[in-house]
Amino acid sequence: TEEYSVDVVVGGMGGSGTAAALSAAENGASVMALDKAGKWGGTSAITSGPMTVNAPSQVEAEYDQWSDPITKETRVKKAGEPLVDGDALYEDWIAYTTVDGVQHAKVDIVRALIDGSGETLDWMSANGFSFEPAKGFVGGKWGIFASYSGNKEQTEQFFANVYDRYEKKLGGQYLLEAEATGLLMEDGQVAGVSAVKKDGTKVIVHADSVILATGGFGGNPQMQEEYLGESWRLYGMAQNQGTGIEMALSAGAASYNIDMPPMSHFVAPYTIMTSFEKPLDNDIPYGLVCSGEVMAVDQTGSRFVAENMLAMNAYKNGAKYYTILSADQIAVLREQGLSQAASGRYLSQGGVPENTPLTNIDAVLDQGIKMGFIYKADTLEGLVEAIGNEKMVLDNLMASVTQYNEAADGAEDAFGKTPELFERLGGINPESEYYIAVTGAPYIYSTCGGIEVNTDMQVLDERGNAIKGLYAVGTDSMGVMFTNTKGYTNYGGVAQGYAFFSGKTAGAHAAAQE
């Protein structure tokens, strides 16, 4: 058994844990950081960047070629000019999290994040990170998304820069491949953590404060089933199995919006195909679940969004959806392909180019049927039976087909899908020789809800009292900013911004405790 005694121990070395360890060490604490993975960075190493509201360095700077998210024009941002109206962002945020007149978020934490995210970005920059000027996210109007410089290629080095300073200049310690397994409690007080190394060596870290930064429970299907009602496909880190959340709950912590939808920004087939020699053939299912030219329904058989908006919205309706095609649509795809390219952000092998005949589509569909994520039947009723998810209702599917076909014939689409997206494939033939359903999935970076905290990131118990010495940051506590009735706020980089800000906040507060 290895034993250590420090002021602060941090469980997790992703974005929030890294910020927490660095902040605590900068503020004079002796610190030990642990991570079960073999490298630092966690999910933060594969994200695109954080939100930042008017980072002082960016307000002071002049940018010759700044993309104005309001006017959609490239212009000069003058020195001293704010990049976003932080008060307006706050009002928009709390309006989003107010449901039926009830505020679901902890607005003091939302306000603190908006007010502190700018200084946090500059602090991370001073410690080895580099960011681009903030802009709107995916066409959004809020100039708060500051992507990592180098488009992710340099992100791991940024983390290495931080740990070099943390260890060599601040005296911080860390252990990789060391998984925290439980809280140490003495006389009812938090007293550190127990952990185990990859080789089985037990580790005991005695500490006055414990900061939980274990990344939520995106890698734990059982916890997802318990709190979310179903398990989700994961693009983030599988080692994020809810350890920190479970440890906090065992110490009497209250949860907060733990049942809210997880975070996703892209869709892909429920199962990724790799068995064909040609990348295009492997990507045909990808095209069929992310194209705006097909009809998509949720698990009950109802349309829920204009299909060209699936990538950013599919997660709002559960862990799966289905695209429905009739035999004549398959024939068009076989001979002409899609009229617009269909390629997802990740997990594809190049995507499906526009106007490219999908000559091998029948073999691909047959393979998908064998793999269990594509279904085929002679009738729509039979298709519902083939899917067999016990949720899909034939009447819903029939109503979706009717509405979709009316839009394909020229009526205004109820979800705003534009006429050109119907031109190539048209509607669903109600007398088709056969029908196909392809299972799509919103792949998640992480879960969002978790433990309740206050503005210092102290964990709260069921009575609203702080549990002395215990903190939760990043996606272990991010649910405090949202509502469990809707998805994550897609302003751009919110999770990453909260990770850095919450970690910095918790580290400083923990270091100040006697």
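This one's a predicted model, so the numbers in the text were calculated from it and none came from an experiment. (Residues numbered from 1 in each chain as written. Predicted model: local features only at pLDDT ≥ 70, side-chain atom pairs only at ≥ 80, totals over all residues. Heavy atoms only, no water.)

Enquirer: Is there a simple way to explain the overall build of the protein in this structure?
Expert: When helices and strands are tallied, the protein shows 14 helices and 19 strands. The C-alpha atoms of the protein give a radius of gyration of 24 Å, which matches the 24 Å a tight globule of 514 residues would have. Its C-alpha atoms put the protein at 75 × 55 × 50 Å along the principal axes. Within the protein, buried positions represent 58% of all 514 residues. Pairs at least 24 apart in sequence give 72% of the contacts found in the protein among residues at least 6 apart. Carbon together with sulfur atoms contributes 46% to the accessible area of the protein, which is approximately 20,300 Å² in total. (Helix = DSSP H or I, 4+ residues; strand = E, 2+ residues; numbered from the N terminus. Rg over C-alpha atoms; globule rule 2.2 N^0.38 Å. Buried < 20%, exposed > 50% of the residue type's maximum accessible area, 1.4 Å probe, protein only. Contact = heavy atoms within 4.5 Å. Areas by Shrake-Rupley, 256 points an atom, 1.4 Å probe, with all protein chains shown as cover.)

Enquirer: Which parts of the structure should I look at to understand helix α8 (residues 279-290)?
Expert: Residues lying three or four places apart along an α-helix face the same way, a consequence of the helix completing one turn every 3.6 residues. Look at α8: 16 Å from first C-alpha to last across 12 residues, which is about the 16 Å you get at 1.5 Å a residue. Within α8, 10 of the 12 residues are buried, which leaves it mostly tucked inside the rest of the structure. When we look at burial in α8, the residues that qualify are Asp281, Asn282, Asp283, Ile284, Pro285, Tyr286, Gly287, Leu288, Val289 and Cys290. Turning to α8, the residues buried within the fold contact β12 (263-269), α9 (310-313), β14 (321-326), α10 (327-335), α11 (361-371) and β16 (435-446). (Expected span 1.5 Å × (residues − 1).)

Enquirer: Please explain the environment of Ile428 as it appears in this structure.
Expert: Looking at where Ile428 falls in the secondary structure, it is placed in the loop between α13 (394-408) and β16. Given a relative accessible area of 2%, Ile428 falls into the buried group. As a C-alpha pair, Ile428 and Ala408 span 20 residues in sequence and 9.0 Å in three-dimensional space. Not counting residues up to four positions away in its chain, the partners in contact with Ile428 are Met295, Ile324, Leu325, Ser326, Gln329, Val401, Tyr404, Asn405 and Tyr435.

Enquirer: Explain helix α7 (residues 243-250) to me, please; I cannot follow it from the model alone.
Expert: Listing the buried residues of α7 in full gives Thr243, Gly244, Ile245, Met247 and Ala248. Here the buried face of α7 lies against β8 (178-186), β10 (202-212), α6 (221-228), β17 (450-451) and β19 (466-472). Once α7 finishes, Gly252 follows within two positions and takes phi at roughly 95 degrees, a positive value.

Enquirer: Can you walk me through the packing of α10 against α11 in this structure?
Expert: Describing two packed helices takes the angle between their axes plus the distance from one axis to the other. Two elements in contact, α10 and α11, have axes whose closest approach is 10 Å; the angle formed by their N-to-C orientations is 125 degrees. Comparing the axis directions of α10 and α11 gives the class oblique. Every residue of α11 that contacts α10 at Ile330, Leu333 and Arg334 is listed here: Ile361, Asp362 and Leu365. Its residues placed into classes, the contact of α10 with α11 shows four nonpolar, no polar and two charged. (Axes fitted to C-alpha atoms, helices over the stretch in contact; angles between N-to-C directions. Parallel < 35°, antiparallel > 145°, perpendicular 65-115°, else oblique. Nonpolar A, V, L, I, M, F, W, Y, C, P; charged D, E, K, R; others polar.)

Enquirer: For this particular structure, what's the right way to read the packing of aromatic side chains?
Expert: By convention here, two paired aromatic rings are described through the distance between centres and the angle between planes. Inspection of the entire model under this criterion finds 22 aromatic pairs. Residues Phe129 and Phe500 carry aromatic rings whose centres are separated by 5.6 Å and whose planes lie at 75 degrees to one another, so their mutual orientation is edge-to-face. Of this pair, Phe129 sits in the loop between α4 (107-126) and α5 (155-168) while Phe500 is found in helix α14 (residues 494-511), placing the two residues 371 residues apart along the sequence. Both residues of the pair, Phe129 and Phe500, belong to the buried class. Taken together, Phe129, Phe131, Tyr148, Phe158, Phe159 and Phe500 form an aromatic cluster joined through their ring pairs. Lying over the aromatic face of Phe422, Lys417 brings its terminal NZ or CZ to 4.9 Å of the ring centre. (Phe/Tyr/Trp six-rings, centres within 6.5 Å; stacked < 30°, edge-to-face > 60°. Lys NZ or Arg CZ within 6 Å of the ring centre and 35° of its normal.)

Enquirer: I keep staring at the packing of helix α3 (residues 86-96) against α4 and nothing clicks. Help me out?
Expert: At a closest axis distance of 10 Å, the pairing of α3 and α4 adopts a crossing angle of 150 degrees. As judged from the angle between their axes, α3 and α4 are roughly antiparallel. Between α3 and α4 lies a crossing whose hand is right-handed. Together, Gly86, Asp87, Leu89, Tyr90, Trp93 and Ile94 of α3 and Val107, Val110, Arg111, Leu113 and Ile114 of α4 make up the contact between the two elements. (Left-handed = near helix turned anticlockwise from the far one by under 90°.)

Enquirer: Would you explain the nonpolar core in this entry?
Expert: Within soluble globular proteins, side chains that are nonpolar tend to cluster in buried spots. Counting residues in hydrophobic clusters, the biggest one holds 138 residues, and the most contacted among them are Leu34, Trp93 and Met481. Here this core gets eight residues from one element, more than from any other, and that element is α14. Counting 19 residues, the second-largest nonpolar core is a separate cluster that includes Val297, Tyr375, Leu383 and Ile428. (Core = buried A, V, L, I, M, F, W, Y, C linked by side-chain atoms within 4.5 Å.)

Enquirer: Please explain the side chain of Gln224 as it appears in this structure.
Expert: Residue position: Gln224 is located in helix α6. Note on Gln224: relative accessible area 1%, which makes it buried. Reaching out from Gln224, the side chain makes a polar contact with the backbone oxygen of Phe217 at a distance of 3.3 Å. Non-local contacts of Gln224, meaning those with residues more than four positions away in its chain, are made with Phe217, Gly218, Gly219, Gly229, Glu230, Ser231 and Trp232. (Polar contact = N/O pair within 3.5 Å; in protein donor to acceptor, adjacent residues only side chain to side chain.)

Enquirer: Teacher, can you tell me more about the pattern of salt bridges here?
Expert: Counted according to the given criterion, the structure contains 17 salt bridges. Close ionic contact of Asp68 with Arg75 constitutes a salt bridge, the shortest N to O distance being 2.6 Å. Residue class for Asp68 comes out buried when judged on its relative accessible area of 8%. Glu307 serves as the salt-bridge partner of Lys417, at 3.3 Å between the closest nitrogen and oxygen. Taken as a pair, Lys417 in the loop between α13 and β16 and Glu307 in the loop between β13 (295-297) and α9 lie far apart in primary sequence, 110 residues in all. Comparing Lys417 with Glu307 shows no difference in burial state: the two are buried. If you follow the salt bridges from partner to partner, you end up with Arg303, Glu307, Asp413 and Lys417 in one network. (Salt bridge = Lys/Arg side-chain N within 4 Å of Asp/Glu carboxyl O.)

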